[in-house]
Amino acid sequence: MTFDDFLQAFFSWEILEQAWPILWAGFLNTLVLSAVVVPLGFIGGVILALLSTLRSRWVRWPLIAWVDLFRSLPPLVLLVFVYAGLPFAGLEVSPLTAVAIGFFLNTGAYYGEILRAGIESVPHGQTEAARSTGLTALQALGHVVLPQAVRNVLPDLISNTLEVVKLTSIASVVALPELLFQARQAQSVTYNATPIMAAAVIYFVLLWPVVRLLSRLENRQMAGRR
Amino acid sequence: MPGPILEARGLHKHFGHLHVLKGVDLLVQERELVFVIGPSGSGKSTLLRCLNRLEEPSAGSITVDGIDLLDRRTDINKARQRIGMVFQSFNLYPHMTALGNVALALRKVQGRGRAEAEARAREALDRVHLADRAGHYPGQLSGGQQQRVAIARAIALEPRVMLFDEPTSALDPELVGGVLAAMRELRESGMTMVVVSHEMGFARAAADRVIFMDGGRIVEQGPPAAIFGAPQEERTRAFIGQIERNHA
Amino acid sequence: MSNWDRFLDSFFNARVAAEYLPKVIEGFWLTILLAGCIILTGLAAGLALAVLRSLGIRPLNWLIIFVVDLFRALPPLVVIVLLYFGLPAAGLSMSGFAAAWLSLSLVLMAFAEEIVWAGITAVPRGQWEAARSTGLGFAQTLGWVVLPQALRMVVPPLTNRTIAITKGTALASVVAVQEILGAAQAGVSFSFNPTPLTLGALAYLVLFLPVVILGRWVEARFAWKR
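Residues numbered from 1 in each chain as written. Chains lettered and ligands numbered in written order. Predicted model: local features only at pLDDT ≥ 70, side-chain atom pairs only at ≥ 80, totals over all residues. Heavy atoms only, no water.

- The name recorded for chain C in an unreviewed UniProt entry is Amino acid ABC transporter permease, from Belnapia mucosa.

- Under an unreviewed UniProt entry, the name given to chain B is Amino acid ABC transporter ATP-binding protein, and the source organism is Belnapia mucosa.
- The annotation that UniProt attaches to chain B under Sequence similarities (unreviewed entry) is "Belongs to the ABC transporter superfamily."
- Check the Subcellular location (unreviewed entry) section of the UniProt entry for chain B; it says "Cell membrane". (UniProt positions renumbered as here; feature names shortened; annotations may be inferred.)

### Considering helix 7 (residues 137–152) of chain A
For step 1, the next point in the chain: Its maximal kink placed at Val145 of chain A, helix 7 of chain A deviates by approximately 45 degrees, while the proline Pro147 of chain A follows within four residues.
For step 2, the next point in the chain: Looking at the buried residues of helix 7 of chain A, the elements they touch are helix 2 (13–53), helix 5 (95–121) and helix 6 (124–132) of chain A together with helix 3 (98–108) of chain B. (Bend = angle between axes of the 7 residues up to and from the residue. Helix = DSSP H or I, 4+ residues; strand = E, 2+ residues; numbered from the N terminus. Contact = heavy atoms within 4.5 Å.)

### Describing the nonpolar core
For step 1, the next point in the chain: In this structure, Phe10 and Val99 of chain A together with Leu181 and Tyr204 of chain C are the most contacted members of the largest nonpolar core, which totals 106 residues.
For step 2, the next point in the chain: Top contributing element to this core by residue count: helix 10 (residues 194–225) of chain A, with eleven residues.
For step 3, the next point in the chain: Those residues in contact with Leu181 of chain C, other than ones at most four positions away along the chain, are Leu76, Val77 and Val80 of chain A together with Ala170, Ser173, Leu197 and Tyr204 of chain C.
For step 4, the next point in the chain: If you look at the next biggest cluster of nonpolar residues, it comprises 90 residues, including Val36, Val102, Phe164 and Ile240 of chain B. (Core = buried A, V, L, I, M, F, W, Y, C linked by side-chain atoms within 4.5 Å. Buried < 20%, exposed > 50% of the residue type's maximum accessible area, 1.4 Å probe, protein only.)

### Digging into the interface of chain A and chain C
It is common to give the size of an interface as the accessible area that goes away when the parts come together.
For step 1, the next point in the chain: Taken together, the 54 residues of chain A in the interface contact 59 residues of chain C.
For step 2, the next point in the chain: At the boundary of chain A with chain C, total buried surface from both sides reaches about 4,800 Å², with 70% on carbon and sulfur atoms.
For step 3, the next point in the chain: Counting across the interface, chain A meets chain C through four salt bridges.
For step 4, the next point in the chain: One salt bridge connects Asp69 of chain C with Arg212 of chain A, and the closest N-O pair in it is separated by 2.6 Å. (Buried area = accessible area lost by both parts, 1.4 Å probe. Salt bridge = Lys/Arg side-chain N within 4 Å of Asp/Glu carboxyl O.)

### Side note on the interface of chain B and chain A
For step 1, the next point in the chain: Between chain B and chain A, the contact holds 21 residues from the first and 17 residues from the second.
For step 2, the next point in the chain: When chain B packs against chain A, the two sides together hide about 1,700 Å² of surface, and 56% of this comes from carbon and sulfur.
For step 3, the next point in the chain: The interface formed by chain B and chain A contains one salt bridge.
For step 4, the next point in the chain: The closest approach of N and O atoms between Arg49 of chain B and Glu128 of chain A, which form a salt bridge, is 2.4 Å.
For step 5, the next point in the chain: Inspection of the chain B/chain A interface yields nine residue pairs in polar contact (both at pLDDT 80 or more).
For step 6, the next point in the chain: For the side of chain B that touches chain A, the elements supplying multiple residues, two or more each, are strand 6 (83–86) and helix 3 of chain B.
For step 7, the next point in the chain: Ranked by residue count, the leading element in the side of chain B that touches chain A is helix 3 of chain B, at three residues.
For step 8, the next point in the chain: For the side of chain B that touches chain A, the class distribution of residues is twelve nonpolar, five polar and four charged. (Polar contact = N/O pair within 3.5 Å; in protein donor to acceptor, adjacent residues only side chain to side chain. Nonpolar A, V, L, I, M, F, W, Y, C, P; charged D, E, K, R; others polar.)

Right, here's the structure in full:
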């Protein structure tokens with residue numbers, strides 16, 4: 001194989017021009033998909049974290065079981081189970097619905113763990129001070145505890161969000177036309193790897209700034225934690 | 001003489017098997033400054049925390065400004081407006097400025113508009129001589145300044161009674177003076193105060209009455225001169241002797 | 001047949017389960033093999049990169065940082081697809097197992113390097129100076145003084161990240177590896193019954209639930225001294 005063959009296989013301008021509209025549509029779908037599943041998972045996480053503040057053991061143990069269950073199942077397994085399994089139970093689900101359910105369960109569990117750790121990192125005195133001035137339990141949580149909790153675990157929240165956006169690529173397995181799926185389509189038509197390469201470059205350009213930011217935050221965090 | 005502004009009767013508190021308060025009666029008159037001393041584990045902090053129901057008493061009754069605190073129908077959050085509390089570890093909200101700390105309950109509990117809440121908050125900060133620090137975050141203030149902001153946070157709600165839970169114990173010695181000065185000014189303005197603290201000098205100078213607690217009970221009480229000068233009970237004598245040796 | 005019976009017949013069909021259990025068990029061992037390979041090469045490569053980075057050779061460090069950022073930003077499935085479906089366009093080919101192994105190793109390498117490096121930089125300068133002042137060389141200082149402290153600090157994040165990436169072995173099903181998910185999906189399409197997926201999900205739980213619980217324990221055991 002000559003170098004020209006390699007360039008032709010992975011970096012063909014001609015192929016890229018042909019595939020661009022398809023890739024662009026996929027890119028937009030990836031953005032839309034992220035805009036759906038990130039808030040969905042976050043809301044799931046907030047619900048789990050709020051439940052974890054109830055100290056009753058009737059809430060606590062089922063909650064831990066729930067979180068660990070969905071952290072143990074690989075997200076793709078969950079997605080395939082929902083998408084390919086539910087029709088057998090008489091529930092036809094669209095790819096988007098399947099992805100939404102799967103991400104709500106999986107991502108929610110991760111956000112939930114992060115937020116719970118955040119809430120636990122806020123000293124109890126904060127709640128007491130807030131309650132002593134007459135704030136209700138919910139007001140104390142909303143105005144005093146949660147803002148600090150989110151700030152304390154911000155790097156973890158950003159990191160998880162990055163993982164969620166990357167994870168949207170598994171939606172290609174259930175034929176949701178996001179970026180990777182579109183790239184695979186273009187590749188199988190053209191017998192050329194350029195579309196997949198282009199998809200990789202798009203992901204990288206989109207997410208590199210986030211990775212840089214995280215790298216800074218994490219270094220600072222580790223230094224502060226010694 | 002009007003009736004007491006704070007009246008606690010027969011207070012008991014259990015933590016599991018631990019019987020921390022064993023029937024405490026406490027009456028505080030308006031404008032009175034009551035000082036509570038005692039060894040650690042004597043139940044003095046628990047007593048204080050029961051008085052605004054941060055701890056739920058196991059038995060007994062508490063009335064503040066005519067309101068039955070333990071009545072199910074009492075809106076405890078409304079009642080807590082009348083009972084200010086200052087904590088040993090300040091417990092300022094680190095994500096809000098000094099002004100934000102003071103204004104939060106004014107807005108969320110009293111439902112005041114932002115402008116009015118902030119004006120009142122500024123006034124409260126001015127009373128502890130920190131008006132110029134309104135925009136600072138707790139992390140940018142010294143421990144003494146943080147505690148004064150915490151005092152402002154409580155007095156901004158115009159409480160009828162103030163509870164102080166070892167307000168100077170977490171401070172470096174050189175920062176204690178500012179907090180005590182703020183407390184003295186508060187006293188001179190006529191505030192009713194219940195103070196748990198080891199600042200004996202302040203107790204001698206400012207308290208109307210000193211209560212010595214041990215083992216979950218009030219052992220002895222009286223004017224500071226009597227308690228410090230001529231304690232009747234052996235345990236009181238021993239405790240005061242020890243404190244004075246430590247501070248000599 | 002009631003709905004409940006139909007549900008049981010679909011998801012917990014004893015006949016189908018008996019038929020496909022051996023396949024899923026084969027997949028189970030393949031998943032363990034793949035995971036083991038990834039953990040070994042990924043962690044080793046990550047540690048090696050972190051040590052290389054501590055040498056402080058500028059151009060080399062830029063290269064390391066770029067590679068690390070690259071594999072933190074790219075979705076693992078994109079890397080797997082690129083290697084498996086892309087390389088043949090250039091006349092090269094790679095088995096699905098090799099593609100998954102290499103891809104996930106690169107991803108784990110990137111995360112491990114980042115985490116270990118953060119640990120190394122969090123060890124105070126005074127440790128280096130004290131060790132060097134007693135005559136220890138650079139490598140000795142790194143190996144005997146700095147790395148032991150750094151690694152202890154990074155155990156919790158590294159464990160959690162390793163677990164998360166190991167769950168990515170399910171992605172290998174996309175490139176025709178008959179690991180748990182691949183075997184289960186094949187079973188579903190042959191039997192027209194989702195019971196093999198149930199088996200697959202159970203197999204993942206058997207594999208990962210103890211690991212997730214271990215992760216919880218590690219986090220508590222090595223809790224940061226604040």
